[in-house]
Amino acid sequence: MRDTATAQSEGAIPAQPGPRQPAPQSGIVSAEGAMGGVSVPAAPDADAVILGAGPSLGPGERATVRLRDAGPDDPPRYAPEWLELREGADAAARAHDLLDPLRIRLANLPGRAGVVIHDVGCGTGSMGRWLAPHLDGAQHWVLHDRDPYLLHFAAVASPRSSADGSRVTVETRRGDVGRLTPDSLAGASLVTASALLDVLTREEVDTLAAACAGAGCPALLTLSVAGRVELTPSDPLDEEIAEAFNAHQRRSGMLGPDAITAAAEAFSEHGATVQVHPSPWRLGPGESALTAQWLRGWVGAAVEQRPDLRERADRYLQDRLAACQAGELHVVVHHSDLLALVRPTGGAS
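The rules behind the values
Residues numbered from 1 in each chain as written. Predicted model: local features only at pLDDT ≥ 70, side-chain atom pairs only at ≥ 80, totals over all residues. Heavy atoms only, no water. Salt bridge = Lys/Arg side-chain N within 4 Å of Asp/Glu carboxyl O. Helix = DSSP H or I, 4+ residues; strand = E, 2+ residues; numbered from the N terminus. Buried < 20%, exposed > 50% of the residue type's maximum accessible area, 1.4 Å probe, protein only. Core = buried A, V, L, I, M, F, W, Y, C linked by side-chain atoms within 4.5 Å. Contact = heavy atoms within 4.5 Å. Polar contact = N/O pair within 3.5 Å; in protein donor to acceptor, adjacent residues only side chain to side chain. Axes fitted to C-alpha atoms, helices over the stretch in contact; angles between N-to-C directions. Parallel < 35°, antiparallel > 145°, perpendicular 65-115°, else oblique. Left-handed = near helix turned anticlockwise from the far one by under 90°. 1 Å grid on protein atoms, 1.4 Å probe; cavity = no way out; pocket = protein on both sides within 12 Å on 5 of 7 lines; lining within 4 Å. Points joined across faces, edges and corners; volume = space filled by probe spheres on them. Nonpolar A, V, L, I, M, F, W, Y, C, P; charged D, E, K, R; others polar.

The name recorded for the protein chain in an unreviewed UniProt entry is Class I SAM-dependent methyltransferase, from Streptomyces sp. R11.

Here is the structure:
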């Protein structure tokens, strides 16, 4: 596999995801072979919901990293524009209190010159860009996602060095979180994921916990929706929209706001020590673009769940968007981060 520095030196690969960039021609060699030129979607309409920000999937589809129902040319479920838009808020929200126990665990790994980190459902790689500079030592990141387009951006925009200047390397794997096994995580030091648990089923969360426990590697799982939103100033419709959105999150067996509890239970059943910390988005005038997209997706999902809300929700959304544009709206979207320190196994961690 060519490393990303070599790929970038050819000058054909953009360093960051985003709209209206030219399609790369040379591509990166991933764990599944060469990936050629990738077309970039047009910039979204100002009033449209970016893929991933709201209910823009077809009937029966779920925005996960699953491959069971996806073909090789299956379209992306998350637009890089959405992932890029939320990256700053994600980085500010993640629970730094979980880093010290994680560092202690990684520092005590036996006989390792560096760590191997598997990022499941990596998207454009924001988790690596946030975490790698917080950890010392050489790191090798294995990026998993069902979407080769996102994997491409994750690889080329990955960090080059850790907190102490050690080298960070990367490889990509197109894969299915529902099929993770201890063997697929052999040699892993850590499994990470961001904004993933709430779009999984209980079975998939159990599979993830079992794979980590079997491989003896801890898991840092961040930004799972908690089902609570605070908008200032408040509106009488806030609670009703929130309840409908939470119901939408639980459709098709997905865990939605129940995910963090289910994951804590699953890892605990495998003997892990689990810590959970809040990681809320705090959105104000400086995050108005993200807030506007989040509002459209949040209200859109609520209306999809409860069509009887449409007329009131349309007025509500327009009022909220106007307040957002005027810099008068503040939103707290509650999430939770989970660190599961599983018992080490011989040779695995």
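*Asks:* Honestly, the pattern of salt bridges in this entry has me stumped. Any pointers?
*Replies:* Two side chains of opposite charge can pair, provided their charged atoms sit close to one another. Enumeration according to the criterion identifies twelve salt bridges in this entry. In this structure, Arg-320 and Asp-238 form a salt bridge, with 2.9 Å as the shortest nitrogen-oxygen distance. With Arg-320 in helix H10 (residues 310-325) and Asp-238 in helix H7 (residues 238-249), this residue pair connects regions lying 82 residues apart in the sequence. Each of the two residues, Arg-320 as well as Asp-238, counts as buried. Across the pair Arg-312 and Glu-240 runs a salt bridge whose closest N-O atoms are separated by 3.2 Å. With Arg-312 in helix H10 and Glu-240 in helix H7, the pair connects residues that are 72 residues apart, well separated along the chain. The exposure class of Arg-312 is partly exposed, given its relative accessible area of 34%.

*Asks:* For this particular structure, what's the right way to read the nonpolar core?
*Replies:* In summary, soluble globular proteins display a tendency toward joint burial of nonpolar side chains. Leu-231, Ile-241, Trp-281, Trp-294, Leu-295, Trp-298 and Val-299 are the most contacted members of the largest nonpolar core, which totals 35 residues. Mapped onto this core, the elements with two or more residues apiece are helix H2 (80-93), helix H5 (148-156), strand E7 (219-232), H7, strand E9 (281-283), helix H9 (288-305), H10 and strand E10 (330-341). Considering each element in turn, this core owes the most residues, nine residues, to H9. Leu-231 has contacts with Asp-238, Trp-294, Leu-295, Trp-298, Tyr-316, Arg-320, Leu-329, His-330 and Val-331, leaving out every residue within four places of it along the chain. Counting residues in each nonpolar core, the second largest holds 33 residues, with Leu-185, Cys-212, Met-254 and Ile-260 among its members.

*Asks:* Can you walk me through the side chain of Asp-119 in this structure?
*Replies:* Examined against the element boundaries, Asp-119 turns out to sit in strand E3 (residues 114-120). Separated by 3.1 Å, the side chains of Asp-119 and Thr-192 make a polar contact. Those residues in contact with Asp-119 that lie beyond four places of it in its chain are Met-127, Gly-128, Trp-141, Val-142, Leu-143, His-144, Thr-192 and Ala-193.

*Asks:* Please explain the packing of H7 against H10 as it appears in this structure.
*Replies:* Axis separation between H7 and H10 bottoms out at 11 Å; the angle between their running directions is 110 degrees. Regarding the angle of H7 to H10, the classification is roughly perpendicular. Between H7 and H10 lies a crossing whose hand is left-handed. Of H10, the residues touching H7 (which contributes Asp-238, Glu-240 and Ile-241) are Arg-312, Ala-313, Tyr-316 and Arg-320.

*Asks:* Help me understand the side chain of Ser-194 in this model?
*Replies:* Mapped onto the secondary structure, Ser-194 falls in strand E6 (residues 190-194). A polar atom in the side chain of Ser-194 sits 2.9 Å from the side chain of Arg-94. Those residues in contact with Ser-194 that lie beyond four places of it in its chain are Arg-94, Met-127, Thr-222 and Leu-223.

*Asks:* I'm lost on empty space enclosed by the protein in this one. Help?
*Replies:* A water-sized probe, rolled over the atoms, reveals where empty space remains. In this structure the tally under the stated criterion is two cavities of 30 Å³ or more. Approximately 60 Å³ is the volume attributed to the largest cavity. Taken together, Asp-119, Gly-125, Gly-128, Trp-141, Leu-143, Ala-154, Ser-158, Pro-159, Val-168, Thr-169 and Val-170 form the lining of the largest cavity. When contributions to the lining of the largest cavity are tallied by element, the ones reaching two or more residues are strand E4 (138-145) and strand E5 (168-174). In terms of residues, the lining of the largest cavity owes the most to one element, E5, which gives three residues. The residue makeup of the lining of the largest cavity, split by class, is six nonpolar, four polar and one charged.

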